[in-house]
Amino acid sequence: MSRVGTEPLNVDEIKSNLKTKIIGRNVLVFNRTSSTNDIARRYIEDKSNDGLAIFTEEQTAGRGRGVNKWYSSRSDSLICSILLIDNRLNIELLSLTTAVAVADAIGKPAKIKWPNDIILNNRKVGGILLETVPDKKSSSCIIGIGINCRQKTDDFPIEIQSAATSLDIESHSITDRNLFAKRLLSSVDHWLEIAKSSSRKIVEQWHLLSILSGHRVILLFNGKKFSGNCIGIDPEKGLILQLDSGGVRMFDAAHTTIIK
Ligand code: BTN
């Protein structure tokens, strides 16, 4: 049973007045799936599925980055995967662009903790999982996005209660997930169009939203620990640190985990 005030996700509501170029041209809503990223992969052969957005009320095998699982109680989150067929953007730039787009869809107080965490009030409200599907000729990509919407603090597992939040908790109101889904698709579409012509604009926006810029960072790169000051982001090579040990080094998102 859904929480009071939770409307089911609905294709027509998400698509009504959705004015996007590519993202959300096709929208599917499932009642229950394994990982939506896996479902999206099934649609990759048909190029007309470029921009397909898949939503589900419940995910039974949600994945986070690395070995992490992504758990969300039924109908409480916005669980979405967007399929990009023949993606031409570099994966680092795509990762920055998606984070900027998700933060923008949430609105002003939302911040980005590189590479994939979306932060509200110092707590994680959502995450992004980018998966590439290269074949011989092209590289397609699946953007998995999970945003906590209707949860109360007690709904999160005890071990993450102090680190997690939801749109409802922060806004003191009831999130309309259909409306938020529409905003999310519009925002991803908008920022992807910008990224295609100007990586500089994405980097500028990322800097405005990033909680790591200008701060001390400790990270693991391929399992090895590094620390330093975050002095920027490179749209092709990743996070730039002025290392405590001397020198400047870049860290790509796929091999990096932020410790602090
Ligand atoms: C993270 O914070 O580590 C990333 C979480 C990404 C979760 C989303 S929910 C939709 C898509 N399907 C998945 O299995 N994972 C992503």
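The structure displayed is predicted, hence computed values, not measured ones.

**Student:** What should I look at first to understand the site of the ligand in this one?
**Tutor:** Looking at the ligand, there are 21 residues lining it, with Ser-35, Gln-59, Arg-63, Arg-65 and Lys-124 nearest. A total of 410 Å² of accessible area belongs to the ligand in isolation, and the protein chains cover 98% of it. Broken down by element, the residue count for the shell around the ligand peaks at 4 residues, all from strand β6 (residues 123–134). When its residues are assigned to classes, the shell around the ligand shows 6 nonpolar, 11 polar and 4 charged.

**Student:** Would you mind showing me how to read the domain arrangement of the chain here?
**Tutor:** Reports of interface size often rely on the accessible area that becomes lost once the parts have come together. Taken domain by domain, the chain comprises domain 1 (11–209) and domain 2 (216–258). For domain 1 versus domain 2, the separation of C-alpha centres amounts to 24 Å. Counting residues at the interface gives 12 residues for domain 1, matched by 14 residues for domain 2. Carbon and sulfur atoms make up 70% of the surface buried where domain 1 meets domain 2, a total of about 1100 Å² over both sides. Taken as a group, Arg-65, Glu-92 and Trp-114 account for 53% of the area that domain 1 buries against domain 2, more than any other trio of residues on that side. Here domain 1 is connected to domain 2 by 0 salt bridges. Here domain 1 is connected to domain 2 by 4 residue pairs in polar contact (both at pLDDT 80 or more). When residues of the side of domain 1 that touches domain 2 are traced back to their parent elements, those giving at least two are α3 (91–106) and α6 (199–209). With 4 residues, α6 is the largest single contributor of residues to the side of domain 1 that touches domain 2.

**Student:** I'm lost on the packing of aromatic side chains in this one. Help?
**Tutor:** The relative placement of two aromatic rings is captured by the distance of their centres and the angle of their planes. Under the definition given, this model contains 3 aromatic pairs. An angle of 70° between the planes, with centres 6.4 Å apart, marks the rings of Phe-221 and Phe-226 as edge-to-face. This pair shows no difference in class: Phe-221 is buried, exactly as Phe-226 is. Each member of the aromatic cluster is reached from another via a ring pair, and the members are Phe-221, Phe-226 and Phe-251.

**Student:** Just to check I follow, could you spell out the packing of α3 against α6 for this structure?
**Tutor:** Helices that pack against each other are described as a pair by the angle of their axes relative to one another and the distance between those axes. Axis separation between α3 and α6 bottoms out at 9 Å; the angle between their running directions is 50°. Here α6 runs oblique to α3, going by the angle between their axes. Like other packed secondary-structure pairs, α3 and α6 cross with a definite hand, here left-handed. Contact with α3, carried on its side by Leu-93, Leu-96, Thr-97, Val-100 and Ala-103, involves Ser-199, Ile-202, Val-203, Gln-205, Trp-206 and Leu-209 of α6 and no other residues of that element. For the contact of α3 with α6, the class distribution of residues is 8 nonpolar, 3 polar and no charged.

**Student:** Could you clarify how one ought to interpret the packing of α3 against helix α5 (residues 177–197) in this entry?
**Tutor:** For the pair α3 and α5, interaxial distance at closest approach is 8 Å and the crossing angle is 140°. The pairing of α3 with α5 is recorded here as oblique in orientation. Regarding α3 and α5, the two cross each other, and that crossing is right-handed. Packed against α3, whose contacting residues are Leu-93, Leu-94, Thr-97, Val-100, Ala-101, Val-102, Asp-104, Ala-105 and Ile-106, the element α5 presents Phe-180, Arg-183, Leu-184, Ser-187, Val-188, Trp-191, Leu-192 and Ala-195 at the interface. Of the residues that constitute the contact of α3 with α5, the class distribution is 13 nonpolar, 2 polar and 2 charged.

**Student:** It is not clear to me how the nonpolar core should be interpreted in this structure. Could you clarify?
**Tutor:** The tendency in soluble globular proteins is for nonpolar side chains to be buried side by side. Formed by 62 residues in total, the largest nonpolar core has its most connected members in Phe-55, Ile-82, Ile-106, Ile-147 and Leu-239. If you tally residues by element for this core, the top one is α3, at 10 residues. Setting aside its immediate chain neighbours within four residues, Phe-55 contacts Leu-9, Ile-14, Val-27, Leu-28, Val-29, Phe-30, Leu-78, Ile-79, Cys-80, Ala-181 and Leu-185. In terms of nonpolar packing, the next biggest core, distinct from the first, is built from 9 residues, Ala-40, Ile-54, Leu-83 and Val-133 among them.

**Student:** What exactly am I supposed to notice about α5 here?
**Tutor:** Every α-helical turn comprises 3.6 residues, leaving residues that sit three or four positions apart pointing alike. Between its terminal C-alpha atoms α5 stretches 31 Å, which fits the 30 Å expected from 21 residues at 1.5 Å a residue. Where α5 begins, the capping side chain belongs to Asp-176, and its oxygen is found 3.0 Å from the backbone nitrogen of Asn-178.

Parameters and conventions
Residues numbered from 1 in each chain as written. Predicted model: local features only at pLDDT ≥ 70, side-chain atom pairs only at ≥ 80, totals over all residues. Heavy atoms only, no water. Near = heavy atom within 4 Å. Areas by Shrake-Rupley, 256 points an atom, 1.4 Å probe, with all protein chains shown as cover. Helix = DSSP H or I, 4+ residues; strand = E, 2+ residues; numbered from the N terminus. Nonpolar A, V, L, I, M, F, W, Y, C, P; charged D, E, K, R; others polar. Domains from an automatic or database assignment. Contact = heavy atoms within 4.5 Å. Buried area = accessible area lost by both parts, 1.4 Å probe. Salt bridge = Lys/Arg side-chain N within 4 Å of Asp/Glu carboxyl O. Polar contact = N/O pair within 3.5 Å; in protein donor to acceptor, adjacent residues only side chain to side chain. Phe/Tyr/Trp six-rings, centres within 6.5 Å; stacked < 30°, edge-to-face > 60°. Buried < 20%, exposed > 50% of the residue type's maximum accessible area, 1.4 Å probe, protein only. Axes fitted to C-alpha atoms, helices over the stretch in contact; angles between N-to-C directions. Parallel < 35°, antiparallel > 145°, perpendicular 65-115°, else oblique. Left-handed = near helix turned anticlockwise from the far one by under 90°. Core = buried A, V, L, I, M, F, W, Y, C linked by side-chain atoms within 4.5 Å. Expected span 1.5 Å × (residues − 1).

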